[in-house]
Amino acid sequence: MVHWSAEEKQLIASVWSKVNVEECGAEALARLLIVYPWTQRFFASFGNLSSPTAIIGNPKVRAHGKKVLTSFGEAVKNLDNIKTTYAKLSELHCEKLHVDPENFRLLGDILIIVLASHFARDFTPACQFAWQKLVGVVAHALARKYH
Amino acid sequence: RMFSTYPQTKTYFPHFDLHHGSEQIRGHGKKVVAGALVEAANHIDDIASALSKLSDLHAQKLRVDPVNFKLLGQCFLVVVAIHHPSLLTPEVHASLDKFLCAVGNVLTAKYR
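Looking at an unreviewed UniProt entry, one finds chain B named Hemoglobin subunit alpha-A, with Fulmarus glacialis as its source organism. Per UniProt, the comment on chain B under Function (unreviewed entry) is "Involved in oxygen transport from the lung to the various peripheral tissues." Under the Sequence similarities (unreviewed entry) heading, UniProt states for chain B: "Belongs to the globin family."

The name an unreviewed UniProt entry gives chain A is Hemoglobin subunit epsilon, with Fulmarus glacialis as the organism. You can read under Function (unreviewed entry) in the UniProt record for chain A the words "Involved in oxygen transport from the lung to the various peripheral tissues." In UniProt, chain A has this text filed under Sequence similarities (unreviewed entry): "Belongs to the globin family."

(A) Structural detail: the nonpolar core. Core analysis: the largest hydrophobic core is formed by 70 residues, its most contacted members being Phe72(A), Ile82(A), Leu115(A), Phe123(A), Trp131(A) and Leu134(A). No other element matches helix α7 (residues 102-119) of chain A, which puts 11 residues into this core. What Leu134(A) contacts, discounting residues up to four positions off in sequence, is Trp4(A), Ile12(A), Phe72(A), Ala75(A), Val76(A), Leu79(A) and Ile82(A). Phe3(B), Phe13(B), Phe16(B) and Cys75(B) belong to the second largest nonpolar core, which has 7 residues in total.

(B) Fine view of a positive patch on the surface. All names here are of chain A. Positive charge collects at one region of the surface, where Lys83, Lys88, Arg144 and Lys145 lie side by side. By the element assignment, Arg144 lies in the segment after α8 (125-143). Residue Arg144 is classed as partly exposed on the basis of its relative accessible area, which comes to 45%.

(C) Structural detail: the packing of aromatic side chains. All names here are of chain A. A complete count under the given rule lists 8 aromatic pairs over all chains for this structure. Measuring from centroid to centroid gives 6.1 Å for Phe72 and Trp131, while their planes differ by 15°, and the two rings are stacked. Taken together, the positions of Phe72 in helix α4 (residues 59-77) and Trp131 in helix α8 put the pair 59 residues apart, joining distant regions of the chain. Classification of Phe72 as buried rests on a relative accessible area of 8%. Above the face of the Phe42 ring, Arg41 is positioned so that its terminal group lies 4.9 Å from the ring centre. Directly above the aromatic system of Trp4 lies the positively charged group of Lys133, at a separation of 4.9 Å from the ring centroid.

(D) Looking closely at the pattern of salt bridges. Residue and element names in this part refer to chain A. Summed over all chains, the structure comprises 8 salt bridges over all chains. Of the charged contacts, one joins Glu8 and Lys133 as a salt bridge, the two residues approaching to 2.9 Å between their closest N and O atoms. Pair noted here: Glu8 is in helix α1 (residues 6-17) and Lys133 is in helix α8, with a separation of 125 residues, a long-range link. Assessed through its relative accessible area of 11%, Glu8 is described here as buried.

Parameters and conventions
Residues numbered from 1 in each chain as written. Chains lettered and ligands numbered in written order. Predicted model: local features only at pLDDT ≥ 70, side-chain atom pairs only at ≥ 80, totals over all residues. Heavy atoms only, no water. UniProt positions renumbered as here; feature names shortened; annotations may be inferred. Core = buried A, V, L, I, M, F, W, Y, C linked by side-chain atoms within 4.5 Å. Buried < 20%, exposed > 50% of the residue type's maximum accessible area, 1.4 Å probe, protein only. Helix = DSSP H or I, 4+ residues; strand = E, 2+ residues; numbered from the N terminus. Contact = heavy atoms within 4.5 Å. Patch = residues over 30% accessible without salt bridge, like charges linked within 9 Å, V, L, I, M, F, W, Y side chains within 5 Å. Areas by Shrake-Rupley, 256 points an atom, 1.4 Å probe, with all protein chains shown as cover. Salt bridge = Lys/Arg side-chain N within 4 Å of Asp/Glu carboxyl O. Lys, Arg positive; Asp, Glu negative; His and termini not counted. Charge placed at Lys NZ, Arg CZ, Asp CG, Glu CD. Phe/Tyr/Trp six-rings, centres within 6.5 Å; stacked < 30°, edge-to-face > 60°. Lys NZ or Arg CZ within 6 Å of the ring centre and 35° of its normal.

Pasting the structure below:
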């Protein structure tokens, strides 16, 4: 089980309480598809992904980004039980979606950059440390049931 | 920020004062960013030539594990996001990330 210090929990909760999940989620997923274009391989059914403008404006991208970040919120609410929280999602990503777990790490790093751009100086090094730890734990939990 | 976020990176600087704001960190950060990164950006079509000596240094002497260049790159992007959020559009983000990867690749190119 991952150990979270009281400070780390507080930093995570405090940032999360101010996150606009719909906006941040949409931005994070759009940036993933733009910065690492090979990730578009999972979204052939999303329609127009032909340019950054198309990706940012794509309603399916926005909706899916919101869905992904909403799910991330479950980790924030269950910091002491992330493995169990994501067990079924892990199976899904392996068996149905066939997503290379490296993509979870890529999205996690992108999310950090999105948070940094929104929170600016409030996104202190201690904050980044806690959040990098969190995205790492989430990525690990999502990869855990792969076989 | 890299030393705070990824404490394992401190292992390459046992000889430094690593307290936040230390002169040594400021000096070294300046060397890396204002020095090497700017040099690479100014010779972006031939980063390997521009950073050839640094590439030798990292291969022969410093031998920083390749994974660490990604960690520094991540922190660099975070700092840019903090100070210039409106500059870091998705396209600029993509280009910067690509550039930082290219620099990391050059610096580790002679490792073996």
